[in-house]
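Residues per chain are reported as follows:
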Amino acid sequence: MYRAKTIFGHLAPSVATRKCSVQKVDCRAPLEDAADDIVVVHGRRTAIAKAKRGSFKNTTPDELLSAVITAVLKDVDLNPASLGDICVGNVLQPGAGAVVARIAQFLSGIPESVPIYCVNRQCSSGLQAVINIAGGIRNGSYDIGMACGVESMTLRDPSNPGDMSPRTLDDEKARSCLIPMGITSENVAERFGITRHKQDQFALLSQQRAARAQKMGLFQAEIVPVVTAFKDDQGNEKTITLSQDEGIRVNTTLEGLAKLKPAFKENGSSTAGNSSQVSDGAAAVLLARRSKAVELGLPVMGVLRSFAVVGVPPDVMGIGPAYAIPAALEKAGLTTDDIDVFEINEAFASQAVYCIEKLGIPLTKVNPNGGAIALGHPLGCTGARQVVTLLNELKRRQKRSYGVVSMCIGTGMGAAAVFEFPGK
């Protein structure tokens, strides 16, 4: 059994490995507002750059963090000293970037009296940062805090798992934690019959939606333009400004995707075209107790209604959202029918397609502005970026509605959070 946990209530019921048993309930009216609600006040992100060769290849993560933190505080005109805590999600930096985060804080003009720490729950690190800050507000430690996510996949190698016991290889589950992510994608495709054609179709849709959103300027409210130094192949340095995501391939075709060779396994189905891109980027989300937001005259962009994290087999880690989403929905007293938008991280098309089909979610509700296949997946940043993207999309729709952020997690987990947009 996969055991689901949440900070917003007691232990959730177990979710079966092959069949979700979350009880169907009628579509419900919006939940009542309460003074103790955990609300999202504001959020911004950098554009997402291609790792190794993109615009942020010479930009350190502290600078990326500082850009988004500064923008959020400036946008809402908040005194930085008001922050009760800051949590930063990061995967690849030593110590999950604890020193880097403190430096970014000072570069952002936040006084030393404000504490900061980091969290690493791999691909969900940015979302976990949001949940950790929400938990601090919920337990009364403070009334307002900042959650961030950052990753430079240019500057750090994701292939080093760290120091491990020699006994690791003697235990099947422990050994499975070392399976490369690309192979776990192949395992999902083979075990659950997700064809190469389905994966390529999904990848094409991600690119098309992201290209449309970029052309329409839908990401402008999210993205903080970052001025930074860039060295070309000859070593010449120049100053550039990045204000658009670099990974979107506007000329992607199904025929072109079909020509790509398997990236991880001979005769496999996961390719560079239907997998997430390695990337650099950062995002920041400001959260508060509703009463504090009202007191300070801050806007309410969204309300955090529930969160769940589950464990799944490491060798098919990509199935995590198929179990985390029902657990989070059950906590909120909602069903998939109640949700307007699902932001499900596209680590690989194989796992995203499996989760969508498993839960019976209409594709029209999933990643309406593209996902990580088109935008990129800076590991520690993604969860926070998804929250920003989700709430901006719900805001454009102008009605009171619900959205879900979810992702699979390396070593075999899934996480999901439910947010409510309050309407005009």
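Residues numbered from 1 in each chain as written. Predicted model: local features only at pLDDT ≥ 70, side-chain atom pairs only at ≥ 80, totals over all residues. Heavy atoms only, no water.

J.: Help me understand the overall build of the protein, please; the structure alone is not making it clear to me.
T.: When helices and strands are counted, the protein shows 12 helices and 13 strands. A compact globule built from 424 residues would reach a C-alpha radius of gyration of about 22 Å, and the protein, at 20 Å, matches this within 12%. Dimensions along the principal axes, computed over C-alpha positions, put the protein at roughly 60 × 60 × 50 Å. The burial tally for the protein puts 59% of its 424 residues in the buried class. Of the contacts made within the protein by residues no fewer than 6 positions apart, 80% connect residues no fewer than 24 positions apart. (Helix = DSSP H or I, 4+ residues; strand = E, 2+ residues; numbered from the N terminus. Rg over C-alpha atoms; globule rule 2.2 N^0.38 Å. Buried < 20%, exposed > 50% of the residue type's maximum accessible area, 1.4 Å probe, protein only. Contact = heavy atoms within 4.5 Å.)

J.: Can you help me understand the environment of Asp280 in this one?
T.: Relative to the assigned elements, Asp280 resides in strand S9 (residues 279-289). Between the C-alpha atom of Asp280 and that of Ala229, which follows or precedes it by 51 residues, the distance is 14 Å. Only 2.7 Å separates the side chain of Asp280 from the backbone nitrogen of Met153, close enough to count as a polar contact. Reaching out from Asp280, the side chain makes a polar contact with the side chain of Thr154 at a distance of 2.6 Å. (Polar contact = N/O pair within 3.5 Å; in protein donor to acceptor, adjacent residues only side chain to side chain.)

J.: Sorry if this is basic, but what is going on with the packing of aromatic side chains here?
T.: Aromatic rings considered in pairs are described by the distance between their centres and by the relative angle of their planes. One pass over the full model with this rule turns up 2 aromatic pairs. When the ring of Phe264 is compared with that of Phe348, the centres are 5.9 Å apart and the planes differ by 85°; the resulting orientation is edge-to-face. Residue Phe264 is found in the loop between helix H7 (254-258) and S9, and its partner Phe348 is found in the loop between strand S11 (341-344) and helix H10 (349-359); the two are separated by 84 residues along the sequence. In this structure Phe264 comes out as partly exposed when scored by relative accessible area, which is 37%. (Phe/Tyr/Trp six-rings, centres within 6.5 Å; stacked < 30°, edge-to-face > 60°.)

J.: Help me out: how do you make sense of the environment of Leu296 in this one?
T.: Mapped onto the elements, Leu296 comes out in helix H8 (residues 290-296). We classify Leu296 as partly exposed; its relative accessible area is 37%. Expressed as a C-alpha distance, the spacing of Leu296 and Lys399, which sit 103 residues apart in the sequence, is 24 Å. Contacts of Leu296, omitting those with residues within four sequence positions, involve Leu78 and Ile144.

J.: Would you take a moment to explain the nonpolar core for this structure?
T.: Generally speaking, a soluble globular protein has its nonpolar side chains buried in company with each other. Judged by nonpolar contacts, the single largest core of 49 residues is most densely connected at Leu83, Ile86, Val88, Met146 and Leu286. With 9 residues, helix H1 (residues 61-76) is the largest single contributor of residues to this core. Aside from chain neighbours lying at most four places away, what touches Leu83 is Leu73, Leu78, Ile110, Val114, Ile144, Gly145, Met146 and Leu286. The next biggest cluster of nonpolar side chains, apart from the first, holds 38 residues, and it includes Val188, Ile194, Ala308 and Tyr323. (Core = buried A, V, L, I, M, F, W, Y, C linked by side-chain atoms within 4.5 Å.)

J.: Help me out: how do you make sense of helix H5 (residues 181-192) in this one?
T.: For an α-helix the count is 3.6 residues per turn, leaving residues at separations of three or four pointing the same way. Taking 1.5 Å as the rise per residue, H5 with 12 residues should run 16 Å; its terminal C-alpha atoms sit 17 Å apart, in good agreement. Taken together, the buried positions of H5 are occupied by Gly182, Thr184, Ser185, Glu186, Asn187, Val188 and Ala189. Close packing links the buried residues of H5 with helix H6 (196-216) and H10. Phi for Gly193, located one or two positions after H5, is positive at around 70°. (Expected span 1.5 Å × (residues − 1).)

J.: What's the story with the packing of H1 against helix H2 (residues 98-107) in this structure? I'm lost.
T.: How two helices sit against one another is set out by the angle between their axes and by the gap between those axes. Close contact between H1 and H2 brings their axes to 8 Å; oriented N to C, the two are set at 45°. As far as their axial angle goes, H2 and H1 are oblique. Both H1 and H2 take part in a crossing whose hand is right-handed. Contact residues: H1 offers Pro61, Asp62, Glu63, Leu65 and Ser66, while H2 offers Val100, Ala101, Ile103, Ala104 and Leu107. The residue makeup of the contact of H1 with H2, split by class, is 7 nonpolar, 1 polar and 2 charged. (Axes fitted to C-alpha atoms, helices over the stretch in contact; angles between N-to-C directions. Parallel < 35°, antiparallel > 145°, perpendicular 65-115°, else oblique. Left-handed = near helix turned anticlockwise from the far one by under 90°. Nonpolar A, V, L, I, M, F, W, Y, C, P; charged D, E, K, R; others polar.)

J.: Mind showing me how you'd approach the side chain of Asp315 here?
T.: Within the secondary structure, Asp315 is located in the loop between strand S10 (302-311) and helix H9 (320-332). Among the polar contacts listed, one links the side chain of Asp315 to the side chain of Arg191, at a separation of 2.9 Å. Setting aside residues no more than four positions away along its own chain, Asp315 makes contact with Ser176, Ile179, Thr184, Asn187 and Arg191.

J.: Is there a simple way to explain H1 in this structure?
T.: In a regular helix each residue adds 1.5 Å, so 16 residues correspond to 22 Å; H1 covers 23 Å between its end C-alpha atoms and thus fits that length. Burial analysis of H1 places 12 of its 16 residues in the buried class, which makes it a mostly covered element. Following H1 by one or two positions, Asp77 has its phi on the positive side, about 55°.

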